[in-house]
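Coordinate inspection notes
Each chain, written out:
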Number of protein chains: 8
Amino acid sequence: MDITSILQNLKDGRISVEEASGQIRYMPFEDLKYAMIDYNRELRVGCPEVIYGEGKTLEQIKGIVANMAKNKAENILVTRTTKEAYAIVKEIYPNAKYYPVCRIVTVEENPFPKNKGLITVFSAGTVDMPVCEEAVVTAEFLGNNVERVYDVGVAGLHRLLSRLDKVKESNVLIVVAGMEGALASVVGGLTDKPVIAVPTSMGYGANLGGMSALLSMLNSCASGVGVVNIDNGFGAGYLANNINKLSGKL
Amino acid sequence: MDITSILQNLKDGRISVEEASGQIRYMPFEDLKYAMIDYNRELRVGCPEVIYGEGKTLEQIKGIVANMAKNKAENILVTRTTKEAYAIVKEIYPNAKYYPVCRIVTVEENPFPKNKGLITVFSAGTVDMPVCEEAVVTAEFLGNNVERVYDVGVAGLHRLLSRLDKVKESNVLIVVAGMEGALASVVGGLTDKPVIAVPTSMGYGANLGGMSALLSMLNSCASGVGVVNIDNGFGAGYLANNINKLSGKL
Amino acid sequence: MDITSILQNLKDGRISVEEASGQIRYMPFEDLKYAMIDYNRELRVGCPEVIYGEGKTLEQIKGIVANMAKNKAENILVTRTTKEAYAIVKEIYPNAKYYPVCRIVTVEENPFPKNKGLITVFSAGTVDMPVCEEAVVTAEFLGNNVERVYDVGVAGLHRLLSRLDKVKESNVLIVVAGMEGALASVVGGLTDKPVIAVPTSMGYGANLGGMSALLSMLNSCASGVGVVNIDNGFGAGYLANNINKLSGKL
Amino acid sequence: MDITSILQNLKDGRISVEEASGQIRYMPFEDLKYAMIDYNRELRVGCPEVIYGEGKTLEQIKGIVANMAKNKAENILVTRTTKEAYAIVKEIYPNAKYYPVCRIVTVEENPFPKNKGLITVFSAGTVDMPVCEEAVVTAEFLGNNVERVYDVGVAGLHRLLSRLDKVKESNVLIVVAGMEGALASVVGGLTDKPVIAVPTSMGYGANLGGMSALLSMLNSCASGVGVVNIDNGFGAGYLANNINKLSGKL
Amino acid sequence: MDITSILQNLKDGRISVEEASGQIRYMPFEDLKYAMIDYNRELRVGCPEVIYGEGKTLEQIKGIVANMAKNKAENILVTRTTKEAYAIVKEIYPNAKYYPVCRIVTVEENPFPKNKGLITVFSAGTVDMPVCEEAVVTAEFLGNNVERVYDVGVAGLHRLLSRLDKVKESNVLIVVAGMEGALASVVGGLTDKPVIAVPTSMGYGANLGGMSALLSMLNSCASGVGVVNIDNGFGAGYLANNINKLSGKL
Amino acid sequence: MDITSILQNLKDGRISVEEASGQIRYMPFEDLKYAMIDYNRELRVGCPEVIYGEGKTLEQIKGIVANMAKNKAENILVTRTTKEAYAIVKEIYPNAKYYPVCRIVTVEENPFPKNKGLITVFSAGTVDMPVCEEAVVTAEFLGNNVERVYDVGVAGLHRLLSRLDKVKESNVLIVVAGMEGALASVVGGLTDKPVIAVPTSMGYGANLGGMSALLSMLNSCASGVGVVNIDNGFGAGYLANNINKLSGKL
Amino acid sequence: MDITSILQNLKDGRISVEEASGQIRYMPFEDLKYAMIDYNRELRVGCPEVIYGEGKTLEQIKGIVANMAKNKAENILVTRTTKEAYAIVKEIYPNAKYYPVCRIVTVEENPFPKNKGLITVFSAGTVDMPVCEEAVVTAEFLGNNVERVYDVGVAGLHRLLSRLDKVKESNVLIVVAGMEGALASVVGGLTDKPVIAVPTSMGYGANLGGMSALLSMLNSCASGVGVVNIDNGFGAGYLANNINKLSGKL
Amino acid sequence: MDITSILQNLKDGRISVEEASGQIRYMPFEDLKYAMIDYNRELRVGCPEVIYGEGKTLEQIKGIVANMAKNKAENILVTRTTKEAYAIVKEIYPNAKYYPVCRIVTVEENPFPKNKGLITVFSAGTVDMPVCEEAVVTAEFLGNNVERVYDVGVAGLHRLLSRLDKVKESNVLIVVAGMEGALASVVGGLTDKPVIAVPTSMGYGANLGGMSALLSMLNSCASGVGVVNIDNGFGAGYLANNINKLSGKL
């Protein structure tokens, strides 16, 4: 129920001013006291409610998922969560899946159709895999075809150059790198596709927990690069989907 | 001339190994000693060579533009430059234009057709205008229709809410904000379109030259937001174009 | 015109859905393209529109003030501005005043009555005066009685202790200090009145442009201290007024 | 016994110079060697001694509380403490209570009357709850009525807008948010009530342990916002009480 | 007049409670509104009032010095000031002197006797001279014998080793260094005399305006080193005097 | 054996050039491969070798202490160490003592005479005790009389003012404080004795692991304050001893 | 197989364009999905593939080493790894060795000849040993003679001066230091040999996890110093080898 | 005259102990009070005294150069200096040269022979030229052959790949880059020659005055890279010479 319909109903005398006011207030979210679940979100921003698992107790996750089930949610993504949380979700949604590398739980009762162009995730090193996989699983969950090109950091440029085909075939490129994060600039210089750069906290010392890679990517001498938070594979997959939806290309 | 053609010519005996090697080396860029102009770039990354004016001497700008003219460049963008540089460009390209608010010079002998969907640039405050206009002029130069919605910072939320139509009509949203940069999160929460956030250095004290807005945007609680460098209106316009090209929608 | 009235009018058939929608959109602010003036603000947040002068051109300030005059604004505050801007405002509002120490222009055609309790501004040093005066002028403009107790930094504790009467007489205390900002903690420990701490950029070296004083104030071992941005005298005066309005005490 | 009385006694010959000097020195606090308990504090700053539990050994907490009991303290607040400390306090004050979410122990033998206006605590996300509850429990302990509006972050603006009633009904607003902390600016833009912003350390990567939210709140484009330290729910509740005491409104 | 005398007078009936209270309040400082001059300071902390010139207007300096003259001040130090301020002081105190390298004005109508042991100021480089001289002039003004050993940075260790005699002859060592500030550690390792380290802002890039030297000195592997603020030659000279006063050695 | 004696011996023909060269090289330290013990240190800098325990293995500590015993060391200080290390030292020196609060082991076979003036250690809070005690034990070990005045933070100024006698009686003041570190400025403003400020890492959030207190102390508006590293109680005690040695006052 | 040979083969008709293209793509590295092993690296950059162990699972290390064994790798270095990983490597290469202090595993089936000049590793303190040994083991593995001069920090300058012979005998000097990192400047000032400075994270408080030593070394007043990342002993040994290879001196 | 000769003379009775002691003290440097010129330096570290011009007055530069002339210095390098300083040097050394791009003055009365291998300086962009030229002029002055490969940033990788011949022909590679500094990693991955990375302050916003490029280079995923201070072209040229001297290859 959107605001225009509410206004139309009011105009047509089907609802009172108080009712209209109430409907606007009680548009579809539910207040569990510790969480306000926004069922309006899927319509509004084109994505089912995502549960950011970090810092939520098992009880809170259970309460949220149970409420979603009550509201007939079909597709749910829980990020940064644990096996214990997975067990809880599985009781409610028996077909739920757990991805241990990136610590995601998915429920896909009615999966999004994979009718969009290709997203490729490039990584600089093996240690970046948890972040990469968070991007991959998120983008696949949202209905995208995703390819992985891992461990192609610029210290061995030939490894990247051997996979330039993926640069050309993709609609959107996600580049995941820690340390100095140079891979984003190099990939950005090779393409006119949108590049989403994900700095990772991998490295030590002067990497400052990923700030060095982050700053590096923001200063990329190649234009056309948008950056998300350190280790934010989910955000990269989500933004890539938003871009890919526009293109409509398979 | 791309690498595949060079290899084919070699295979067919039309050129020697030495020639092939030489052609790869001398693929279309020209070395002015202080600058290597990459005429291959337009093909490779879909954008004409852009001259980043900051820190270049007038002599260097003149040399680069003159070389471009010799190579029959039709469309040129010089960013962060001065009236003096404009005068120099104008001698070579009499139809060059200068945009004083964002300090850009454009040459558009053969303008890109504006056959793509809408990009809207939102700003939090009046003082962000130079950055906004850098984004607008860049995106228009690259063949996009661009609208401006300025001074709609979150301290007066009604101003933004009154222009939600623009959120819906656009393919890509650019959000420019200094101070705490909250506008990016708020816009990001209202849409499933890709949002490009541009922190600005506007503000004082704890704004740390724009780092506060930058950090804020990277930590956006709304997903789907990609961030570029502080004050990087050009980069935002460029990335928006790369996204918009994919969509093909008018 | 607030949203409830608009809904009531719609309900009563006095306006159409389209009109209601339009009215919500065109609630009282005016779009000058570079600035959206929010005439709704005074009702909504209890303060006339304030013009933050920094970074605005003289043309923009003129346009905004002229529009305000057209809308019959009676009380205007322009902060961080110049004598040149003052001259422009004075042409429109001949009774405008300029405060050179804190660089504020005020228009008070219909001054707020000074019917609230006392606000006292304490400063650690003489050099903090521009920030102090920004707080004083703002709070007086908004209808408060304000006293000044300047140069009572903790290096000479007797200076502060000699003015404890002002701590007791006031409703709200504003403490302005640069360097190590210790004055906020010391004042905070002496009272149960709300303390607003304003770090200043005064000092050098390890003061990091005011960040040291800011961090110091945030870590205050005395509770009951709220902190605003470095050099933000305006914000302190504004917040002090919001608190003082609640108290209603003279 | 305040300093004026001591002077009067001296003047009247009831005490000697040495006694006066001694009384000033031995005004009501007690030196346990590791802690100096300030029984003068309640009179001076209107709040019973609060024990900041972090970093104190169980022996120290026991010693302090026992001394307080000996001095007939009726209301005690121990923050950032443990179940073990609670057990110790409970032996001395059998009616002590423990709040596990915010790790506070309270003793309320003679509770403060709840005769003041409303304070509302808004939070951006579920994970901010420990900080929110620290503010709530502190403010309630000090005699305030407190309401909770949790999980209304700006990514889903409708959630906040649906609870604007609480903005209007409250004397003081506490806004708790991690990540980019935008909620403080948005709430600040909707009201003329004093807003106390509490950044939290929730988030990851570029949140820099809460510094990003802190900087964001300090740069708030909405005026009228005072900021306390990261995760300092206690400080927010304490300052809110100091403001609320002024207003006297129920 | 100290507090004990005031109390004794009260006890003896020579003054009333009100008078005692007033005397405590009006102990010797004078409130010029923009500055509170603390004539009690010389007794209390053993140093004449020092005027920190940075950020004070010429009018303010004039007012302060004139008031001091009225109060018969004999010895005055104005730091970080200008020739213009010097001219003003000279009108009031014709024998005032100006030290252009460190921008200090001194008035020495009744110079402190130089009856204390030696202070030596070591510097790493020529560029540190303004800071060194601020320390030298301050310490000499306060009655110390001071020697200079300049440009003995650790890149040429022999230069320092050739002047070890000065390390042995001095009571207190001041070490002034920019860049990496290693001189403090090296000198600290060669002596059991107190070492006061003064980082300077000299250098560029990763010197971070002197923060690198500051951090270096704080992390000195040689113990016995106390650090003052970046470029704070005055503070070093002042602290050296406080130490030297204790020793009483010539 | 110092360098002058070596030269004299050479001159007198008692040793050859090679021997002189060798003696300079083999001046009294011993190379354990992982540690070079500097027995020359006591003569040179007036302090027995101190073992910084952090990061040393038990084997290394054992080896160093055993070598010292072999060289007849009488007084040894091991800082930041463990009960396990203590057990090892005790096997070699049965009279060794362990101070668990500050984690120091001392060996005092021939204690330094306590023939110097008073050093007083002030702390802002109970939680600063480990750092305070490190300073106390170090200074006592080096032959100083030390008093403790703990938990006198500026939030309750009366606590500090009640102990001003200790400020007057001492030769050197050590001020230990975390959070905003304001105690150093307040004490510094009350005395002309040298003040050594020790920031601690106590606090949370914007305390930045003690950097806020450190910066605060460096920016102290009171002059005469020298700062040591965060939590460096040992360094403060050591520097206080170096100053106190100069004074010779009991 | 290098690119010139591929082109020659193509020219000579021995391979087709497609084959050439394929060969360039499939130059010698192998894609294990999580890792791309670059067998081309030894030829290209003169070093066998090194496995950075941090963050790799045991399964990944096993997979990489097994693939290397299949490809007949003779010399392998695994850094920052564990005993568990060592056990795995040992199953494949029974002669593998583990260095517990620096956590390195080496395989040296066909050791590099030690036919190059001397590299000496200097350290400031005992606690720097893990980093030093990482440099030593790396450089020895790559065929260098390496000497250790440990615990010669500048607080006891004589310790360093006694080992100046090693400065003169070496081709390359590696200086490892935490805290203030001054040793790099002092060594740099004593020689014209290349100095590689390695900051360590040793220290506490204002050492900022090694950033202070790092900044110090970058600001070295002695020229001729190149710096690597904090704790990067491997990088120092590797760069020292690259320099030493050039010299060819034994 | 080195220390061994002094000792031999003493032994042989040619000088007294006092004379020896004096000679050690007065080894060849000269104390101009503001500068100690170290004529021993050329012998000791293989480089003539270099004058760092920044922050030196014209008088100081004149004094230093005049003293050098008196001491028959033949080769002098003055960095970061001005045309005015050049005029002064030219009066003393009429053949002095000025390099305006990098602001260096050289005196080469007896130039170093260019008998060493090649050093190549790569730069990412045109704006890095002042830093590059500082490296080039320094290295040439010290007797090296130097080539320039400018404006080959990674955004256009083909530009760099076209000049790989220079990577192979050189003994030492200097890589100069601002923004994200990725060029150092890419070059480092292509060679086993020592790479000296020079971050520049070029860029804006999140480049943090060059800190981003610096951090990037320190985190280089390619090993074999040593980093110097931001904009430190001189240091890079100097270190490159120290390395190149070892190799002896032409």
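Residues numbered from 1 in each chain as written. Chains lettered and ligands numbered in written order. Predicted model: local features only at pLDDT ≥ 70, side-chain atom pairs only at ≥ 80, totals over all residues. Heavy atoms only, no water.

1. Overview of the overall build of chain A
Filter applied, for reference: Numbering of helices and strands runs from the N terminus; a helix is a DSSP stretch of H or I covering at least four residues, while a strand is a stretch of E covering at least two. Reported accessibility uses the Shrake-Rupley method at a 1.4 Å probe radius. Residues are deemed covered only where the shown protein chains occlude them.
A count of helices and strands for chain A gives 11 helices and 11 strands. For chain A, the computed accessible surface area is about 8,400 Å², with 53% contributed by carbon and sulfur atoms.

2. Let's talk about the interface of chain C and chain D
Our working rule: Whether two residues touch is decided by their heavy atoms; if any such pair falls within 4.5 Å, the residues are in contact. Two parts placed together each lose some accessible area under a 1.4 Å probe, and the buried area is that loss summed for both. Salt bridge, as applied in this entry: a Lys or Arg side-chain nitrogen positioned within 4 Å of an Asp or Glu carboxyl oxygen. Distance and chemistry together define a polar contact, namely a pair of N or O atoms within 3.5 Å, with one atom able to donate a hydrogen and the other to accept it when in protein, and with adjacent residues in sequence counting only for side-chain atoms on both sides.
With 33 residues of chain C at the interface, the matching set in chain D holds 34 residues. When the area that chain C buries against chain D is broken down by residue, the three leading residues are C:Asp192, C:Leu218 and C:Leu246, summing to 25%. Here chain C and chain D share two salt bridges between them. Taking the shortest distance from any N to any O, the salt bridge between C:Asp192 and D:Lys245 comes out at 2.6 Å. The tally of links from chain C across to chain D stands at seven residue pairs in polar contact (both at pLDDT 80 or more). If you list the elements that add at least two residues to the side of chain C that touches chain D, you get α3 (41–45), α10 (211–218), β11 (225–227) and α11 (233–247) of chain C.

3. A short note on the pairing of strand β7 (residues 118–123) of chain B
Residue and element names in this part refer to chain B. For the record, the criterion: Buried, partly exposed and exposed residues are distinguished by accessible area as a fraction of the type maximum, computed with a 1.4 Å probe on protein chains only: under 20%, between the cut-offs, and over 50%, respectively. The pairing criterion for strands is at least two bridges between them, as found by DSSP.
Of all six residues in β7, six are buried, a share of seventy percent or more. Burial along β7 is two-sided: Leu118, Thr120 and Phe122 and Ile119, Val121 and Ser123, pointing in opposite directions, are all buried. Of the strand pairs in this sheet, β7 and strand β8 (residues 145–149) are connected by five bridges, and their pairing is parallel. Paired with Leu118 across the two strands is Asn145, which belongs to β8. Bridge analysis of β7 against strand β9 (residues 172–177) gives five bridges, and the strand direction is parallel. The residue bridging Thr120 from the neighbouring strand is Leu173, located in β9.

4. Let's talk about the pattern of salt bridges
What the rule picks out here adds up to 49 salt bridges over all chains. Through salt bridges with shared partners, a single ionic network connects A:Glu147, A:Lys166 and A:Glu169.

5. Re the environment of A:Leu215
Structurally, A:Leu215 is set in helix α10 (residues 211–218). For A:Leu215, a relative accessible area of 4% corresponds to the buried category. With 22 residues separating them in the primary sequence, A:Leu215 and A:Gly237 have C-alpha atoms 20 Å apart. The residues contacting A:Leu215, other than those within four sequence positions of it, are B:Met211, H:Ala206, H:Leu208, H:Ser212 and H:Leu215.

6. Examining the side chain of C:Thr138
Residue and element names in this part refer to chain C. Structurally, Thr138 is set in helix α6 (residues 129–141). Among the polar contacts listed, one links the side chain of Thr138 to the backbone oxygen of Glu134, at a separation of 2.7 Å. When residues no more than four places from it in sequence are discounted, the contact partners of Thr138 are Leu77, Ile104, Phe234, Gly237 and Tyr238.

7. Describing the relation of the copies chain C and chain D
As a reminder of what qualifies: Here the copies are matched by least squares. The fit uses the C-alpha atoms of residues with pLDDT of at least 70 in both.
It takes a turn of 180° to lay chain C on chain D, together with a shift of 0.0 Å along the axis; the resulting RMSD is 0.1 Å. The symmetry that links the two subunits is that of a two-fold axis. Most of the interface of chain C is mirrored in chain D, where 100% of its interface residues again form contacts.

8. With respect to the packing of helix α6 (residues 129–141) of chain H against helix α11 (residues 233–247) of chain H
Residue and element names in this part refer to chain H. The condition that has to hold: Note on method: axes are straight lines fitted to C-alpha atoms, helices fitted across the in-contact stretch only, with angles between N-to-C directions ranging 0 to 180 degrees. Rotating anticlockwise by less than a right angle from the far helix to the near helix defines a left-handed crossing, while the corresponding clockwise rotation defines a right-handed one. Under the convention adopted here, Pro, Cys and the residues Ala, Val, Leu, Ile, Met, Phe, Trp and Tyr are nonpolar, Asp, Glu, Lys and Arg are charged, and Gly plus all remaining residues are polar.
Packing of α6 against α11 brings their axes to within 7 Å, and their N-to-C directions diverge by 35°. Crossing hand, α6 versus α11: right-handed. Along the contact surface, α6 presents Val131, Glu134, Ala135, Thr138 and Ala139, while α11 presents Gly233, Phe234, Gly237 and Tyr238. Counted by class, the contact of α6 with α11 contains five nonpolar, three polar and one charged residues.

9. What to know about the sheet that holds strand β4 (residues 75–79) of chain A
Residues and elements named next belong to chain A. Pairing in this open sheet of four strands is mixed, and the strands run β3-β4-β6-β5 from one edge to the other. Since the sheet does not close on itself, it has two edges, and those belong to β3 (50–52) and β5 (97–99), each with one partner. Taking the axes of each pair of neighbouring strands and ignoring which way they run, one obtains an average angle of 15° across the sheet. Direction of pairing for β5 relative to strand β6 (residues 104–108): antiparallel, over a ladder of three bridges. Counted as the bridge partner of Tyr98 is Val105 from β6.

10. Overview of the confidence of the model for chain A
To be explicit about the condition: The predictor rates its confidence in each residue with pLDDT, a number between 0 and 100.
Within chain A, residue pLDDT values average 88, and 87% of them lie at 70 or more. Both confidence scores are given for the complex: pTM 0.91, ipTM 0.88.

11. Considering the nonpolar core
Counted only if it meets this: By nonpolar core is meant a set of buried Ala, Val, Leu, Ile, Met, Phe, Trp, Tyr and Cys residues that side-chain atoms within 4.5 Å join together.
Ranked by size, the top nonpolar core spans 228 residues in total, and within it C:Leu183, F:Leu183, G:Leu183 and H:Leu183 carry the most contacts. Excluding residues within four positions of it along the chain, G:Leu183 makes contact with G:Phe122, G:Ser123, G:Ala124, G:Val152, G:Val154, G:Leu160, G:Val175, G:Val176 and G:Ala177.

12. Section: the packing of aromatic side chains
Filter applied, for reference: Between rings of Phe, Tyr and Trp, where Trp is taken as its six-membered ring, a pair exists when centres lie within 6.5 Å; planes separated by under 30 degrees are stacked, by over 60 edge-to-face, and by other angles tilted. Here, over-ring charges are defined by two tests on the NZ atom of lysine or the CZ atom of arginine: distance to the ring centre within 6 Å, and angle to the ring normal within 35 degrees.
Applying the stated rule across the entire model yields 32 aromatic pairs over all chains. Aromatic side chains C:Tyr204 and E:Tyr52 sit 6.3 Å apart centroid to centroid with 35° between the ring planes, which places their arrangement in the tilted category. Highlighted residues: C:Tyr204 in the loop between β10 (195–199) and α10 and E:Tyr52 in strand β3 (residues 50–52), drawn from two different chains. A relative accessible area of 16% places C:Tyr204 in the buried class. Among the residues examined, E:Tyr52 registers a relative accessible area of 23% and is labelled partly exposed. Judged by centre distance (6.0 Å) and plane angle (65°), the ring pair of H:Phe112 and H:Phe141 falls under edge-to-face. Of this pair, H:Phe112 sits in the loop between β6 (104–108) and β7 (118–123) while H:Phe141 sits in helix α6, and the two are 29 residues apart along the sequence. Sitting over the face of the ring of B:Tyr204, C:Arg80 holds its NZ or CZ atom 4.1 Å from the ring centroid.

13. Quick notes on the pairing of strand β4 (residues 75–79) of chain E
Residue and element names in this part refer to chain E. For clarity, the threshold we go by: Handedness of a crossover is defined as follows: orient the strands so they point away from the viewer, and if the path from the first strand over the helix to the second runs clockwise, the crossover is right-handed.
A large share of β4 lies buried, amounting to five of its five residues. Neither face of β4 is open: one carries Asn75, Leu77 and Thr79, the other Ile76 and Val78, and all of them are buried. Two elements, β3 and β4, share three bridges in a ladder whose sense is parallel. The partner of Tyr52 across the bridge, within β4, is Thr79. For the crossover that starts at β3, traverses helix α4 (residues 58–70) and ends in the parallel β4, the hand is right-handed. Pairing between β4 and strand β6 (residues 104–108): four bridges, direction antiparallel.

14. A look at α11(H)
The condition is simple: Given the number of residues in a helix, its expected span is that number minus one, multiplied by 1.5 Å.
End to end, α11(H) covers 21 Å across 15 residues, agreeing with the expected 21 Å (1.5 Å per residue, within 8%). Where burial is concerned, most of α11(H) is hidden: 14 out of the 15 residues are buried.

15. Examining the sheet that holds strand β3 (residues 50–52) of chain B
Remark on secondary structure: sheet strands pair via backbone hydrogen bonds, oriented parallel or antiparallel. All names here are of chain B. Taken in spatial order, the four strands line up as β3-β4-β6-β5 in an open sheet, and their pairing is mixed. Looking at strand neighbours, the two that pair on one side only are β3 and β5 (97–99), the edges of this open sheet. Taken over all neighbouring pairs, the strand axes of this sheet differ in orientation by 15° on average, direction set aside.

16. Side note on unusual backbone geometry
Positive phi values are uncommon outside glycine, yet A:Met179 reaches one of about 45°. Along the polypeptide, A:Met179 turns up in the loop between β9 (172–177) and α9 (182–188). Its relative accessible area of 27% is what places A:Met179 among the partly exposed residues. Its identity as a non-glycine residue notwithstanding, B:Arg103 has a phi of 60°, on the positive side. Take B:Arg103: it is sitting in the loop between β5 and β6 (104–108).

17. So, helix α10 (residues 211–218) of chain B
With eight of eight residues buried, α10(B) lies mostly within the body of the structure. Along α10(B), the residues that are buried comprise B:Met211, B:Ser212, B:Ala213, B:Leu214, B:Leu215, B:Ser216, B:Met217 and B:Leu218.

18. Points about the packing of helix α4 (residues 58–70) of chain H against helix α5 (residues 83–92) of chain H
Residues and elements named next belong to chain H. As a reminder of what qualifies: Orientation categories follow fixed angle ranges, with anything under 35 degrees roughly parallel, anything over 145 roughly antiparallel, 65 to 115 roughly perpendicular, and all other angles oblique.
Where α4 meets α5, the closest approach of the two axes is 10 Å, and the angle between their N-to-C directions is 25°. In terms of their interaxial angle, α4 and α5 are classed as roughly parallel. For α4 against α5, the interelement crossing comes out right-handed. Of the residues in α5, those touching α4 at Leu58, Ile61, Lys62, Val65, Ala66 and Ala69 are Glu84, Ala85, Ile88, Val89 and Ile92.

19. Here's the deal with the environment of D:Glu59
You can see D:Glu59 is positioned in helix α4 (residues 58–70). On a C-alpha basis, the gap between D:Glu59 and D:Gly178 in space is 34 Å, while along the polypeptide they are 119 residues apart.

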